[in-house]
Amino acid sequence: MEAMISVQTVNKSFGSFEVLKDVDVQVPKGQVFALIGPSGAGKSTLIRTINALEGIDSGAILVDGVSVHAKKAKVNQIRAGIGFVFQSFNLYPHLNAVDNVAVAPMHVKGTKKAAAREKAKELLASLGLDDKFAAHPNQLSGGQQQRVAIARALAMDPKVMLFDEPTSALDPEMIKEVLDAIRKLAETGMTMVVVTHEMGFAREICSQVVFMADSKVVEQAPPKEFFSAPTTQRGQDFLEKVLHH
Amino acid sequence: MNWSVIPRYWPQMYSGLLMTLQISLVALLISIPIGILIGLGRISRNSVIRFFAGFYVEFIRGVPLLVLLIWIFFVLGRFLRLGSYWAAIWGLAVFSSAFIAEVVRAGIQAVPKGQMEAARSSGMSYIQAMRLVILPQAFRKILPPMAAQFIILIKDSSLVSTISVVDLTLVGKNLVATTFRSLEVWTFVALVYFVITFALSQGVRYLERKYQVVE
């Protein structure tokens, strides 16, 4: 089966520091991959190269068969098909929730304003935000802001969704509502990559765990196998630290 | 002292004041679009555009306004057949645009980097992201300093009297020459400038409060 996201021998350096070394990851359609590992391992950089927020030095990345980093890549068009959710939400503070969600469909896809706003309301309602349509980001809690951000990404009808530590900036009591939203999305068969420190979440909903350390993919396995018996020393050390604190 | 000179010549002074306000306002309106373009040029990814925008700002800021006005009036004005009125407006506009460019640049750079990333990751082009996401936020930050620039223009515009634009200052000069009442006339002229700029600076303070950006 052809991969929806195909990362092929990708290398990248910031100056003399190599952040990605020969990274290979294949995400089949409809699967959810968790990207875990210690900070500085290159997880965020990797997920940001998939929609070309970061460039790469060598290798290739294909999303639904289209090369993202090719010289003639239509980056805007490719990005329109990739939903991206940031750690710090990055909602537009000058727009209310509905307009945050509707602005890209209107201007990138050319959806009519009324239709775009109608769809935005449906998406927000499906994420439990039906009473927050007119709220500006500064009137929303962190968990609500992140759910608006998920709605904003979904509004473009993406083929894949990328989450870069979606719960790391949240207060503990708000983590669940965001993880529940991501879980619901996983059940619809969306192809997703999630950079996360939530091991319980990774174990429960992901089809594969990709463990990165020192700029490399150290091991990849279904969560049951990885969390019960990691095959590498690096993986065992990491799990010991995050699971028994 | 004989203050009766003020009411007697008020009509001339009033038309001088109107001229001062008019050229300041028109110069401001011209300088805003130029300033926005130059300010965008200052942060362009194209190094040639960045260089010329930077050069423009540094050059204009390095030349005294009086010299700029005289140069536009006597040199450029001769080729382009600018009258003193338009030479004054363009001199003030060009001078002011360099300052507005810096205000615009600072306002855009004050918008968090994640905003551009969020906009681009949803498929917007650089220009769409600027227009729909970055500039509306930057505008709130730059509106108060732009209004403050108008106050600076009103004061700086007194220099256009040297290229024979009949503004408030030149009316004052002419009145002193005919009435010899320099104390009364210049005191009054100074007061008029102060009242206008003071009232406007209160307005700027109001704008600053109103557009305090809530992140």
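Structure's up top.
Quantities reported herein were computed from a predicted structural model and do not represent experimental measurements. (Residues numbered from 1 in each chain as written. Chains lettered and ligands numbered in written order. Predicted model: local features only at pLDDT ≥ 70, side-chain atom pairs only at ≥ 80, totals over all residues. Heavy atoms only, no water.)

Caption draft 1: Fine view of the overall build of chain A. Looking only at helices and strands, chain A features 9 helices and 10 strands. In terms of overall dimensions, chain A is globule-like: its C-alpha atoms have a radius of gyration of 18 Å, near the 18 Å expected for 245 residues. The dimensions of chain A, computed from C-alpha atoms along their principal axes, are 55 × 45 × 35 Å. Considering chain A as a whole, with its 245 residues, one finds that 56% of them fall into the buried category. Summarising the internal contacts of chain A: among those between residues at least 6 apart in sequence, 64% fall at separations of at least 24. (Helix = DSSP H or I, 4+ residues; strand = E, 2+ residues; numbered from the N terminus. Rg over C-alpha atoms; globule rule 2.2 N^0.38 Å. Buried < 20%, exposed > 50% of the residue type's maximum accessible area, 1.4 Å probe, protein only. Contact = heavy atoms within 4.5 Å.)

Caption draft 2: Up close: the packing of helix α3 (residues 65-80) of chain B against helix α4 (residues 84-109) of chain B. All names here are of chain B. Their axes nearest at 9 Å, the elements α3 and α4 cross at an angle of 135 degrees. Comparing their axes, α4 and α3 come out oblique. Handedness of the α3/α4 crossing: right-handed. Here Leu-65, Leu-68, Leu-69, Ile-72 and Phe-73 of α3 come into contact with α4, specifically with Ser-84, Ala-87, Ala-88, Trp-90, Gly-91, Leu-92, Val-94 and Phe-95. Split by residue class, the contact of α3 with α4 holds 11 nonpolar, 2 polar and no charged. (Axes fitted to C-alpha atoms, helices over the stretch in contact; angles between N-to-C directions. Parallel < 35°, antiparallel > 145°, perpendicular 65-115°, else oblique. Left-handed = near helix turned anticlockwise from the far one by under 90°. Nonpolar A, V, L, I, M, F, W, Y, C, P; charged D, E, K, R; others polar.)

Caption draft 3: Up close: the nonpolar core. Within the largest apolar cluster, 90 residues are counted, with the highest numbers of intra-cluster contacts made by Val7(A) and Met124(B). Residues within four places of Met124(B) in sequence aside, it is in contact with Asn76(A), Tyr92(A), Val103(A), Ala104(A), Val108(A), Ala119(B), Ala129(B), Leu132(B) and Val133(B). (Core = buried A, V, L, I, M, F, W, Y, C linked by side-chain atoms within 4.5 Å.)

Caption draft 4: Highlighting the sheet that holds strand β4 (residues 58-63) of chain A. Residues and elements named next belong to chain A. The strand order across the open sheet formed by 4 strands is β2-β1-β4-β5, and the pairing between neighbours is antiparallel. One side of each edge strand has no neighbouring strand; the edge strands of this open sheet are β2 (17-28) and β5 (66-67). Where β4 meets β5, 2 bridges bridge the pair, whose relative direction is antiparallel. Looking at the pairing, Val-63 lines up with Val-66 of β5. (Pairing = 2+ DSSP bridges.)

Caption draft 5: Highlighting the interface of chain B and chain A. Listed by partner, the interface residues are 20 residues for chain B and 21 residues for chain A. Across the chain B to chain A interface the summed buried area is about 1700 Å²; carbon plus sulfur atoms make up 56%. Elements represented by at least two residues in the side of chain B that touches chain A include exactly α5 (113-121) and α6 (126-156) of chain B. When the residues that make up the side of chain B that touches chain A are grouped by side-chain class, the tally is 7 nonpolar, 8 polar and 5 charged. (Buried area = accessible area lost by both parts, 1.4 Å probe.)

Caption draft 6: Region of interest: the sheet that holds strand β10 (residues 216-221) of chain A. Residues and elements named next belong to chain A. The sheet built from 6 strands is open, its strands ordered β6-β7-β8-β3-β9-β10 with mixed pairing. Since the sheet does not close on itself, it has two edges, and those belong to β6 (82-85) and β10, each with one partner. Across the sheet, the axes of successive neighbouring strands diverge by a mean angle of 15 degrees, strand direction being ignored. The pairing of strand β3 (residues 32-36) with strand β9 (residues 208-213) spans 4 bridges and is classified as parallel. Following the sheet pairing, Ile-36 is matched in β9 by Phe-211. Across the sheet, helix α9 (residues 233-243) touches β3, β9 and β10, and the angle it forms with β9 is around 100 degrees.

Caption draft 7: Layout of helix α7 (residues 168-179) of chain B. Residue and element names in this part refer to chain B. The end-to-end C-alpha distance of α7, which contains 12 residues, comes to 16 Å, matching closely the 16 Å that a straight helix rising 1.5 Å per residue would cover. Buried within α7 are the following residues: Leu-168, Thr-169, Leu-170, Val-171, Gly-172, Leu-175, Val-176 and Thr-179. Buried-residue contacts for α7 involve α1 (5-42) and α8 (182-210). Phe-180 sits one or two residues past α7 and shows a positive phi near 60 degrees. (Expected span 1.5 Å × (residues − 1).)

Caption draft 8: Inspection of the environment of Val32(A) at higher detail. All names here are of chain A. Within the element layout of this structure, Val-32 appears in strand β3. On the accessibility criterion, Val-32 (4% relative accessible area) is buried. Along the backbone, Val-32 and Gly-235 are 203 residues apart, and their C-alpha atoms lie at a distance of 20 Å. Discounting residues that sit within four places of it in the chain, Val-32 has contacts with Ala-186, Met-190, Met-192, Val-194, Ile-205, Cys-206, Ser-207 and Gln-208.

Caption draft 9: Seen up close, the environment of Gly41(B). By the element assignment, Gly41(B) lies in helix α1. Residue class for Gly41(B) comes out buried when judged on its relative accessible area of 7%.

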